[in-house]
Structures are given as structure tokens and as C-alpha cells.
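Chain by chain, the residues run as shown.
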Amino acid sequence: MKIKTAKMTYEEALALPQAAHQKPLRQYFLFRLLLLLVSLWDLWRTRFTYRLIGIEKLGKNEPCLILMNHSSFIDLKVAARLLCTRPFHIICTLDGFVGKPRLMRMIGCIPTRKFMTDVTLVRDMVYATKTLKSSILMFPEASYSFDGTQTPLPESLGKCLKILKVPVVMIRTEGAFARDPLYNNLQLRKVRVSAEVEYLLSPEKIEEKSPQELNDILKEKFTFDYFRWQQENKVRIKEPFRADGLNRMLYKCPHCLTEGKMLGQGTTLCCSHCGITYELTEYGYLQLINGNDNALTKSSEQTFTHIPDWYKWERECVRAEILSGTYRMEIPVVIYMLVNTDQICQVGEGTLTHSKDGFHLTGCEGKLDYHQEPLASYSLYSDFFWYEIGDMISIGNEQAQYYCFPQDCGDIVAKARLATEELYKIVKHNHQAHVLHSS
């Protein structure tokens, strides 16, 4: 899937009219049918099945909030099949509207900017449920999982439930991540996909619980490990490309501690610095097949068999760097901008810096100078092979969103997301401790 782009200067991009807000449009059955028809082929190929839990509690025409975990592009096709009998609106990132805004609105999409405060979005959701009598489909994790485990949920989600006052339904998929993990260059595997649709919270339950209690319930429901699921269910993935791109996520060697020298290719993941090589087995385990004896002797406790454990270790390493004051990323990038939904504007080159002070983007011959504080967002919109352009880090605000594509600097996109999340936690904790001490 590609996106419409155009080269222009930074000044030309800034001069473009901003995307004007529009209320959600009523979704007609014809467009639900269109969504369903374009989804059927992939659903048939994955032998899609589903089961319902407590859905009889939901009225036939009762609007609800549907929360769905985000594993791969097939998620929307699963939702199209499960929700075809009722009107529903889809919370969608604004860049998904580029080149086709009218069609996206007719389908029922409501635009937002990932990991940015968006008060207008809540008003649009209320309008859709109360005025249009439509349900809302939301992927609260906002981004695909890198390692097959849950990503952070917004802290405002519990408050949103209190405002909407509609039932909450959860759709949870199995097999979607294993079929098309983000790191694997959009190469599809032969894996069956299923879903569980559960009536989670009634308006009465939402009314009696605090926002934090609601957040705790959702956090528990959004806890999963899809590599563990593959292993426990003995789901065999025989494709010879299953480790392609694995280095995007597992960017740091646990033996020699070098970053950016891992290479996932075929069925193996190898460190070009120390020679350590792992095989990704057909059942989702990592198996050490050869390596430098000295490296193994020095750090044998860091031999991983489970991908999420390796990714968790990388998170701990990043957090340690932040706490010690040594974390800093400074990389050359090609810069794109989103101003409206006509196109993504390629505006030049620059430097993206990330440190304890947050993000700092400069470039476009000195005309661009953007700062983003650590508390601006609890996570980071980062992606692998974004719209088939390349690995990407996105920052910005309501005036402009910047898409930064690292150039010749190794795999840093996953580390940038981990660092953003850990830096947010650390700065927020320190800020709360300071306020508590002051009072």
C-alpha cells in the first residue's frame, strides 16, 4: 500500500491550507458492504472464524464502543466482517485520508493524529454515537505491536468511556500478528486467523467505576503475547523468509552489546560484529546455532529463546541509558510533512535528535526547527516500511506532522519508540514526585 507524495520546499508546504475539520458522515449500508466485499478474499484465505461472548447483552441497534487490538492490516478486514450488521465509524490516523478524504469519510472513518492530544476527536465520537446512532471502532494501542505483545494504552481512555456512556465491546484477534508481523516487509505467512468478540462493559458498570479502574480493566484485557500463543498452539510457520527484517526490532546484540549490526534474513538473525547467529524456528522460538565462544562465555545469561524477552531487555537497556544520562540519538533524516490530506510533502533533509530533553528536528536549509517535550506523548508513532517508503519516526503537532526517515544509521526506529515511552514514564514520575514534595 502506497501514499500520495509531492516534493516541495518547506515554505511551500507551510503555505498549504490546513485540513479543515468536518463532522463524521452517516455510514450507509452500501459502504459497509463495500468494506466487507474487499475483505472477503483475505478472510477466506486465512479460514477466518470467530466466537461471541456475552454479545446478546448488546441491543441490535444500540451504539457501542468497539476496542480492538492492533496486530496487522487484516484487523480492519476482520472488523468489516464482524460489524457488517450495524453502522460503525472507524478512528483512523489522518495520513490514512491522504489522496482519498471523501471516500474515507463515506466509509465511516474519523481522522485523528496518533499520540497527540485531540479534544475534537472526543466530540466527533460523541456526535457519532448520540446523533448518528453509530458504533465506534477504535484501536486504542494506535500502532501495530513490534514484538507481538501489547503496546501502551492512552491514560485518557477511561475518561473517554465515562463521556461516551455506551457499552464497550472488545475484539481480540489470534493469528493476525503471526500471519503478517510488522517487521517482515509485508510478506504474508499461511496462518489461520480467528477472533473473539466480548461484551466487556455495560453503561451501568462504566458509571460506577472510576476512570483509573476502567483503565485497569482494559489494560488486563489488552495483555497478550502472540509468540507465546504461536508456541503454545503449535502454529507452524514454514515460510523461509520468517526472520526477514527481524533486526528492525531486535537491533541490539545481547552478547557483544553492539547496536545496529544485527541482520535478519531468511530464517536467521545474525550479529555481523561478533558472529552470533540465531535461528527463528517454525514454532516461533529463537535457537542459538553458532557464535563467538568468548561472547557466549561473557554473557551466556543473555541468550534469548523468546523474542519478547529480547525486546524487553532492549527496553531495560534504553531505560538504563536515560537514567544514567547517556541516552542520545542524533541521526540524518529525510523529512516529509502532513499539512492536509491532499498529499504528504517531501520537504528536504535534516537532523533528528532525541535526548532527555525530548525530540529536536532541524533541517530544510535551516528553516525548520521543531522541539517536542518528553511529556508531549506517552509513546511514539514509528513504523517499519511505512507506506513502502521506509522505516519512519513521526513527531509534530496540530499545525504540522513530520515523518522522518533515518538515513544510513542502522535500526533505530524501535529504540526511539522504547526511549520515548521510558522517558515519558521517568519524567512524569519525577514531575509528580516534585509536585507531591512541594505540596
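Attention here is on the structure that accompanies the text. Given the structure is predicted, the values throughout are model-derived calculations rather than measurements. (Residues numbered from 1 in each chain as written. Predicted model: local features only at pLDDT ≥ 70, side-chain atom pairs only at ≥ 80, totals over all residues. Heavy atoms only, no water.)

1. A few points about the nonpolar core
One recurring pattern in soluble globular proteins is that nonpolar side chains are buried together. Core analysis: the largest hydrophobic core is formed by 68 residues, its most contacted members being Leu352, Leu361 and Tyr402. Each residue touching Leu361, except ones within four places of it in the same chain, is listed here: Val333, Ile335, Thr351, Leu352, Leu368, Asp369, Tyr370, Ile395, Tyr402 and Cys404. (Core = buried A, V, L, I, M, F, W, Y, C linked by side-chain atoms within 4.5 Å. Buried < 20%, exposed > 50% of the residue type's maximum accessible area, 1.4 Å probe, protein only. Contact = heavy atoms within 4.5 Å.)

2. Topic: the packing of aromatic side chains
Per the counting criterion, the structure on display carries 15 aromatic pairs. Between the aromatic rings of Trp386 and Tyr403, the centroid separation amounts to 4.6 Å while the plane-to-plane angle is 25 degrees, which identifies the pairing as stacked. Pair noted here: Trp386 is in strand S17 (residues 381-386) and Tyr403 is in strand S19 (residues 401-406), with a separation of 17 residues, a long-range link. Pair check on accessibility: Trp386 and Tyr403 agree, each one buried. Site record: aromatic cluster; members linked through ring pairs are Tyr336, Tyr381, Trp386, Tyr387, Tyr403 and Phe405. Above the face of the Trp44 ring, Arg47 is positioned so that its terminal group lies 4.7 Å from the ring centre. Sitting over the face of the ring of Phe146, Arg417 holds its NZ or CZ atom 3.7 Å from the ring centroid. (Phe/Tyr/Trp six-rings, centres within 6.5 Å; stacked < 30°, edge-to-face > 60°. Helix = DSSP H or I, 4+ residues; strand = E, 2+ residues; numbered from the N terminus. Lys NZ or Arg CZ within 6 Å of the ring centre and 35° of its normal.)

3. A look at the environment of Arg172
Structurally, Arg172 is set in strand S7 (residues 168-174). Judged by relative accessible area, which is 26%, Arg172 ranks as partly exposed. Sequence-wise, Arg172 and Lys221 are 49 residues apart; in three dimensions their C-alpha atoms are separated by 9.0 Å. Look past the residues within four positions of Arg172 in its chain and what remains in contact with it is Asn69, Ser194, Ala195, Glu196, Lys221, Thr223, Phe224 and Tyr226. A polar atom in the side chain of Arg172 sits 2.8 Å from the backbone oxygen of Thr223. (Polar contact = N/O pair within 3.5 Å; in protein donor to acceptor, adjacent residues only side chain to side chain.)

4. Description of helix H12 (residues 307-324)
With 18 residues, H12 extends 26 Å from end C-alpha to end C-alpha; this agrees with the ideal 26 Å at 1.5 Å per step. Looking at H12, one finds that the buried residues are Ile307, Pro308, Trp310, Tyr311, Trp313, Glu314, Cys317, Val318, Glu321 and Ile322. Backbone geometry just after H12 places Gly325 at a positive phi near 80 degrees. (Expected span 1.5 Å × (residues − 1).)

5. Some words on the pairing of S19
Counting buried residues in S19 gives six out of six residues, a clear majority hidden from the surface. Here S19 shows no split at all, with Gln401, Tyr403 and Phe405 on one side and Tyr402, Cys404 and Pro406 on the other all buried. Summarising the sheet, strand S13 (residues 329-338) and S19 pair through six bridges and their orientation is antiparallel. Looking at the pairing, Ile335 lines up with Cys404 of S19. The pairing of strand S18 (residues 390-396) with S19 spans four bridges and is antiparallel. When the bridges of S19 are listed, Ile393 appears paired with Cys404. (Pairing = 2+ DSSP bridges.)

6. Details of the pairing of strand S8 (residues 194-201)
Among the eight residues of S8, six are classified as buried, and the element is accordingly described as predominantly covered. Across seven bridges, the pairing between S7 and S8 is antiparallel. Bridge pairing links Val169 to Tyr199 in S8.

7. Overview of the pattern of salt bridges
Enumeration over the complete set of coordinates arrives at 21 salt bridges. Lys77 serves as the salt-bridge partner of Asp42, at 2.6 Å between the closest nitrogen and oxygen. Of this pair, Asp42 sits in helix H2 (residues 29-45) while Lys77 is found in helix H3 (residues 74-82), placing the two residues 35 residues apart along the sequence. Looking at Lys77, the relative accessible area reads 16%, which means it is buried. Its salt-bridge partner being Glu208, residue Lys205 comes within 3.6 Å of it at the nearest N-O pair. Placement of the pair is Lys205 and Glu208 together in helix H8 (residues 203-208), with a separation of three residues, close to one helical turn. Overall, Lys205 belongs to the partly exposed group, its relative accessible area being 41%. Judged by its relative accessible area of 54%, Glu208 falls in the exposed class. (Salt bridge = Lys/Arg side-chain N within 4 Å of Asp/Glu carboxyl O.)

8. Description of the sheet that holds strand S6 (residues 135-138)
As summarised here, the arrangement of the seven strands in space is S2-S8-S7-S3-S6-S4-S5, forming an open sheet in which the pairing is mixed. The sheet terminates laterally at strand S2 (49-53) and strand S5 (109-112), the two strands that pair on one side only. Each adjacent strand pair in this sheet contributes to an overall mean axis angle of 25 degrees, direction not counted. For strand S3 (residues 65-68) and S7, the ladder comprises four bridges, and the chain directions are parallel. Its bridge partner being in S7, Leu65 is matched across the sheet by Val168. The strands touched by helix H5 (residues 119-130) within the sheet are S3, strand S4 (88-93), S5 and S6, with S5 carrying the most contacts at an inclination of about 165 degrees. (Axes fitted to C-alpha atoms, helices over the stretch in contact; angles between N-to-C directions.)

9. Re the sheet that holds strand S12 (residues 286-290)
Here four strands make up an open sheet; going across it, the order is S9-S10-S11-S12 and the pairing antiparallel. On the outer flanks of this sheet lie strand S9 (262-265) and S12, each paired with one strand and no other. Pairwise comparison of adjacent strand axes, ignoring direction, gives a mean angle of 25 degrees for this sheet. In terms of strand pairing, strand S11 (residues 277-280) meets S12 through four bridges, oriented antiparallel.

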